Amino acid sequence: MKNLSFEWLVGLRYTRAGRRSGRNSFISFISMISMAGIALGVAALIIVLSVMNGFQKEVRDRMLSVLAHIEVFDASGTLVEWQKTALEAKKNPAVTGTAPYVDGQAMIIRDDVMHGVIVRGVLPDQERYVSEVSEKIKAGRWVDLRPGEFNIILGSALAANLHVHVGDKVTLAAPEGQMTPAGVVPRLKAFTVAGIFDAGHYEFDSGMAFMHIADAQKFFRLSGPSGLRLRIKEMLKAPQVALELSRTLSGDLLIRDWSQQNRNYFSAVKTEKTMMFIILALIVAVAAFNLVSTLVMTVTDKQADIAILRTLGASPASIMKIFMIQGGLVGLIGTGLGVAGGVVVALNIDVIVPFIERLLGVDFLPKDLYFISALPSDLRWPDVWQISIMALVLAFVATIYPSWHAARVKPAEALRYE
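- The chain goes by Lipoprotein-releasing ABC transporter permease subunit in an unreviewed UniProt entry, where it is assigned to Undibacterium griseum.
- Per UniProt, the chain has the following entry under Sequence similarities (unreviewed entry): "Belongs to the ABC-4 integral membrane protein family. LolC/E subfamily."
- The record in UniProt for the chain states the following under Subcellular location (unreviewed entry): "Cell membrane".

Right, dumping it as structure tokens:
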């Protein structure tokens with residue numbers, strides 16, 4: 001403390017705010033409110049963004065348990081030489097697995113219940129290299145998808161809507177009919193339910209079915225797979241790897257990554273996160289600019305002290321520095337408390353939320369309504385640093401006008417009535 005300049009000493013003293021008078025106590029109270037407001041705003045931003053990141057990561061992981069990171073398909077509709085394409089793709093060090101697939105749409109029928117369904121034909125042994133759907137089987141067995149047996153695995157919500165279980169029969173109607181003497185009639189095929197999967201994502205659980213790729217090719221009358229599915233080491237680099245593959249793979253191929261398949265969803269999530277950041281940042285801004293009123297009141301109350309310091313030789317810049325130190329310390333302490341509180345809550349939200357639910361007797365995410373029944377959190381340190389810097393900058397900006405006003409105090413006028 002002895003080595004600090006007098007500006008720091010006076011600024012620290014004003015931050016502690018003496019309590020010799022009711023006015024000083026009130027200024028101290030307002031300063032504490034500003035500090036608490038900054039802390040609450042920073043903590044709220046960190047917690048909310050962590051929860052939003054957690055939901056995004058959870059949904060993305062569940063989607064990619066069924067989807068591949070990258071899909072390669074031929075412009076003609078069938079990729080007959082898929083083995084050659086698979087070998088070329090594996091030359092890229094980022095690619096860890098490949099598997100052919102057939103994609104098509106059909107109508108699934110059970111008694112008087114009908115649903116549209118996306119049918120995916122796969123090679124069961126190779127599919128595990130590009131997706132985790134084989135690990136999501138809740139009834140039946142993945143290995144029962146054998147060629148020629150026309151077995152099918154349905155999503156859990158789809159099976160529930162059709163009221164079917166493992167071993168039951170369902171009928172699939174192909175989109176293209178067949179010509180008969182009586183005209184065009186639907187092309188129907190009976191399948192046996194060999195399993196039920198639960199990916200935890202309603203879009204897939206309610207509208208997707210898997211069968212062996214050979215059965216899918218016969219059902220849709222295709223000469224080969226629709227394309228090739230790829231898995232890479234780092235899924236966030238899928239757009240970059242897809243661009244590299246477009247330059248190295250031979251043939252008239254089309255390539256798309258998982259972010260392109262779900263562009264609308266991820267764009268909506270990004271927009272929502274940005275808007276939430278802006279809205280919650282306003283809380284921090286309001287708290288930071290409370291410093292303006294706090295410092296203005298301090299300057300008004302300390303005019304005599306300012307005048308005495310000026311007569312002792314303090315420059316206007318030194319006076320300005322004193323009050324900027326005071327406001328900056330309030331912002332720094334408030335930001336520090338907010339970061340500490342926000343990080344602790346974000347890292348322990350899986351413990352805190354269940355405790356609050358038990359305490360209040362409520363269930364924030366009922367299992368019968370939401371597939372994600374626990375509140376996820378994904379704390380990202382770049383978000384924490386961004387929020388901290390924003391709060392400190394706002395607090396610093398809020399100190400400029402009151403400090404400038406203090407530097408303009410004229411000693412003679414301030415001491416006239418003292």
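Past the structure itself, the notes keep going.
### A look at the pattern of salt bridges
Moving on, step 1. Evaluated as defined, the whole model comprises 12 salt bridges.
Moving on, step 2. Here aspartate 168 ties to arginine 110 by a salt bridge, and the two come within 4.0 Å at their closest N and O atoms. You can see aspartate 168 sitting in the loop between helix H5 (156–162) and strand S6 (169–180) and its partner arginine 110 sitting in strand S2 (residues 95–110), a full 58 residues away along the chain.
Moving on, step 3. One salt bridge connects aspartate 378 with arginine 380, and the closest N-O pair in it is separated by 3.1 Å.
Moving on, step 4. Each of Arg141, Asp144, Arg146 and Glu149 takes part in a single network of salt bridges with overlapping partners.

### So, helix H7 (residues 213–220)
Residue pairs three or four apart in sequence face the same way in an α-helix, which turns once every 3.6 residues.
Moving on, step 1. Counted residue by residue, H7 has 6 buried out of 8 residues, so it is predominantly covered.
Moving on, step 2. Considered for burial, the residues of H7 that qualify are Ile213, Asp215, Ala216, Gln217, Phe219 and Phe220.
Moving on, step 3. Looking at the residues trailing H7, positive phi occurs at arginine 221, about 55 degrees.

### Looking at the UniProt feature "transmembrane region" (unreviewed entry) in the chain
Moving on, step 1. In the numbering used here, UniProt assigns the "transmembrane region" (unreviewed entry) feature to residues 26–52, 275–300, 329–356 and 384–401.
Moving on, step 2. Helix makes up 96% of residues 329–356 and strand makes up 0%, while its end C-alpha atoms are separated by 34 Å.

### Re a nonpolar patch on the surface
Moving on, step 1. A surface patch of nonpolar side chains, amounting to about 800 Å² of accessible area, comprises Phe289, Trp381, Trp385, Ile389, Val393, Phe396, Val397 and Ile400.
Moving on, step 2. Ranked by residue count, the leading element in the nonpolar patch is helix H14 (residues 381–407), at 7 residues.
Moving on, step 3. By secondary structure assignment, the location of phenylalanine 396 is in helix H14.
Moving on, step 4. Exposure remark for phenylalanine 396: the relative accessible area of 46% places this residue in the partly exposed category.

Quick notes on the rules
- Residues numbered from 1 in each chain as written.
- Predicted model: local features only at pLDDT ≥ 70, side-chain atom pairs only at ≥ 80, totals over all residues.
- Heavy atoms only, no water.
- UniProt positions renumbered as here; feature names shortened; annotations may be inferred.
- Salt bridge = Lys/Arg side-chain N within 4 Å of Asp/Glu carboxyl O.
- Helix = DSSP H or I, 4+ residues; strand = E, 2+ residues; numbered from the N terminus.
- Buried < 20%, exposed > 50% of the residue type's maximum accessible area, 1.4 Å probe, protein only.
- Patch = residues over 30% accessible without salt bridge, like charges linked within 9 Å, V, L, I, M, F, W, Y side chains within 5 Å.
- Areas by Shrake-Rupley, 256 points an atom, 1.4 Å probe, with all protein chains shown as cover.

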